[in-house]
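These are the residues of each chain, in order.
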Amino acid sequence: MLLDGAMTDNRIGGFQVDENGTVVSHLKFADDTLIMLNASIMEVRRLLVILLLFELMTGLKLNLDKSSMESIGADDHIQELAMELGCKRDVLPLIYLGMPIGATKRSVSIWDMVIERMKNKLAPWKRKFLNKEGRITLIITSLESIATYYLSVYHLPVSAEKKLNSIMRKFL
């Protein structure tokens, strides 16, 4: 409500999805909030006022030490803006809900994370006795879902596909 009002009053900007389309100032998921601003000291100061008002109205305390600021096209003065807000500066791609945001669709390095997650997921199960049906069920329910989540956004390079299949085959 505070952010919507500030955007309506042109006190903060947002991200315009299409040339004449919707402007998004923030996205929320559970207890996470992504706020999109224009890269200016005034907008950051206005955001800080909004956050302080939020604290006063709700009684909740914001932890800006856990917050970060990322830049899309304003790398030259993002550090100054992050210091103004009192948060750390981060770089793209950032991980949000387990998904790298800001990575290129055909990046092979994205799949390195998936491969590592699969290996970590299998590590405790290697020590346990599972029959073949149990291992197949584990692969279908756990491992394939990790890859499917990433496939909803990113292209799967052939090299990564071979590695993923190899991990699953070795587990069988």
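See the structure printed just above.
All of these numbers come straight from a predicted model, not from anything done at the bench.

Basis of the calculations
- Residues numbered from 1 in each chain as written.
- Predicted model: local features only at pLDDT ≥ 70, side-chain atom pairs only at ≥ 80, totals over all residues.
- Heavy atoms only, no water.
- Helix = DSSP H or I, 4+ residues; strand = E, 2+ residues; numbered from the N terminus.
- Rg over C-alpha atoms; globule rule 2.2 N^0.38 Å.
- Contact = heavy atoms within 4.5 Å.
- Areas by Shrake-Rupley, 256 points an atom, 1.4 Å probe, with all protein chains shown as cover.
- Lys, Arg positive; Asp, Glu negative; His and termini not counted.
- Charge placed at Lys NZ, Arg CZ, Asp CG, Glu CD.
- Axes fitted to C-alpha atoms, helices over the stretch in contact; angles between N-to-C directions.
- Parallel < 35°, antiparallel > 145°, perpendicular 65-115°, else oblique.
- Nonpolar A, V, L, I, M, F, W, Y, C, P; charged D, E, K, R; others polar.
- Pairing = 2+ DSSP bridges.
- Expected span 1.5 Å × (residues − 1).
- Buried < 20%, exposed > 50% of the residue type's maximum accessible area, 1.4 Å probe, protein only.
- Arc of directions from axis to C-beta.
- Core = buried A, V, L, I, M, F, W, Y, C linked by side-chain atoms within 4.5 Å.
- Patch = residues over 30% accessible without salt bridge, like charges linked within 9 Å, V, L, I, M, F, W, Y side chains within 5 Å.
- Salt bridge = Lys/Arg side-chain N within 4 Å of Asp/Glu carboxyl O.
- Polar contact = N/O pair within 3.5 Å; in protein donor to acceptor, adjacent residues only side chain to side chain.

Student: Can you walk me through the overall build of the protein chain in this structure?
Tutor: Along its length, the protein chain carries six helices and eight strands. In the protein chain, the succession of α and β elements from N to C terminus is α-β-β-β-β-α-β-α-β-β-β-α-α-α. The C-alpha atoms of the protein chain give 21 Å as radius of gyration, which overshoots the globular expectation for 172 residues (16 Å, by more than 25%). Each principal axis of the C-alpha distribution contributes one length, and for the protein chain these read about 60 × 35 × 30 Å. Excluding contacts between residues fewer than 6 apart, the proportion of contacts in the protein chain whose partners are at least 24 apart in sequence is 51%. For the protein chain, the computed accessible surface area is about 11700 Å², with 57% contributed by carbon and sulfur atoms. Measuring between centres, the 22 positive side-chain charges of the protein chain sit 13 Å from its 20 negative side-chain charges.

Student: Mind showing me how you'd approach the packing of helix α4 (residues 109-126) against helix α6 (residues 158-171) here?
Tutor: How two helices pack is summed up by the angle between their axes together with the distance between the axes. Where α4 contacts α6, the two axes come as close as 10 Å, and the packing angle between them is 5 degrees. Between α4 and α6, the angle is such that the two are roughly parallel. Within the contact between the two elements, α4 uses W111, D112, V114, I115, M118, K119, L122, W125 and K126 and α6 uses A160, K163, L164, I167, M168 and F171. Tallied by class, residues from the contact of α4 with α6 come to eleven nonpolar, no polar and four charged.

Student: Mind showing me how you'd approach the pairing of strand β3 (residues 26-29) here?
Tutor: In regular strands, side chains alternate between the two faces of the sheet. For β3 and strand β4 (residues 32-35), the ladder comprises four bridges, and the chain directions are antiparallel. Bridging from a neighbouring strand, K28 pairs with T33 of β4.

Student: How do you make sense of helix α2 (residues 41-58) when you look at a structure like this?
Tutor: Since the α-helix packs 3.6 residues into each turn, any two residues three or four apart lie on the same face. Between its terminal C-alpha atoms α2 stretches 26 Å, which fits the 26 Å expected from 18 residues at 1.5 Å a residue. Listed in full, the buried residues belonging to α2 are E43, V44, L47, I50, L51 and E55. In an axial view of α2, the angular spread of the buried residues amounts to 145 degrees, which keeps them on one side of the axis. Across from the buried face of α2, at angles greater than 90 degrees, the exposed residues are L56 and M57. Contact partners of the buried residues in α2: α1 (2-8), β4, β5 (68-69) and α3 (78-85). Of the residues trailing α2, G59 is marked for its positive phi of about 80 degrees.

Student: Is there a simple way to explain the environment of L81 in this structure?
Tutor: Examined against the element boundaries, L81 turns out to sit in helix α3. L81 sits in the buried class, given a relative accessible area of 2%. It is 8.2 Å that separates the C-alpha atoms of L81 and M69, two residues lying twelve residues apart in sequence. Beyond its immediate stretch of four places on either side in the chain, L81 contacts A39, S40, I41, V44 and M69.

Student: For this particular structure, what's the right way to read the nonpolar core?
Tutor: Looking at soluble globular proteins, one finds that nonpolar side chains tend to be buried together. Counting 20 residues, the largest nonpolar core has W111, Y150, Y154 and L164 as the members making the most contacts within it. Secondary-structure elements contributing two or more residues to this core are α4, α5 (132-151) and α6. Discounting residues that sit within four places of it in the chain, Y150 has contacts with G98, M99, P100, I110, W111, M113, V114 and R117.

Student: Would you explain a positive patch on the surface in this entry?
Tutor: A surface patch of positive charge is lined by K119, K126, K163 and K170. Only α4 and α6 provide two or more residues apiece to the positive patch. Counting through the fold element by element, K163 comes out in helix α6. Relative accessible area serves as the criterion here: at 43%, K163 is assigned to the partly exposed category.

Student: What's the story with the side chain of S25 in this structure? I'm lost.
Tutor: Examined against the element boundaries, S25 turns out to sit in the loop between β2 (23-24) and β3. Its relative accessible area of 3% is what places S25 among the buried residues. Within the structure, S25 has its side chain in polar contact with the side chain of H26 (distance 2.7 Å). Aside from chain neighbours lying at most four places away, what touches S25 is L3, D4, M7, G13, G14, L34, I35 and M36.

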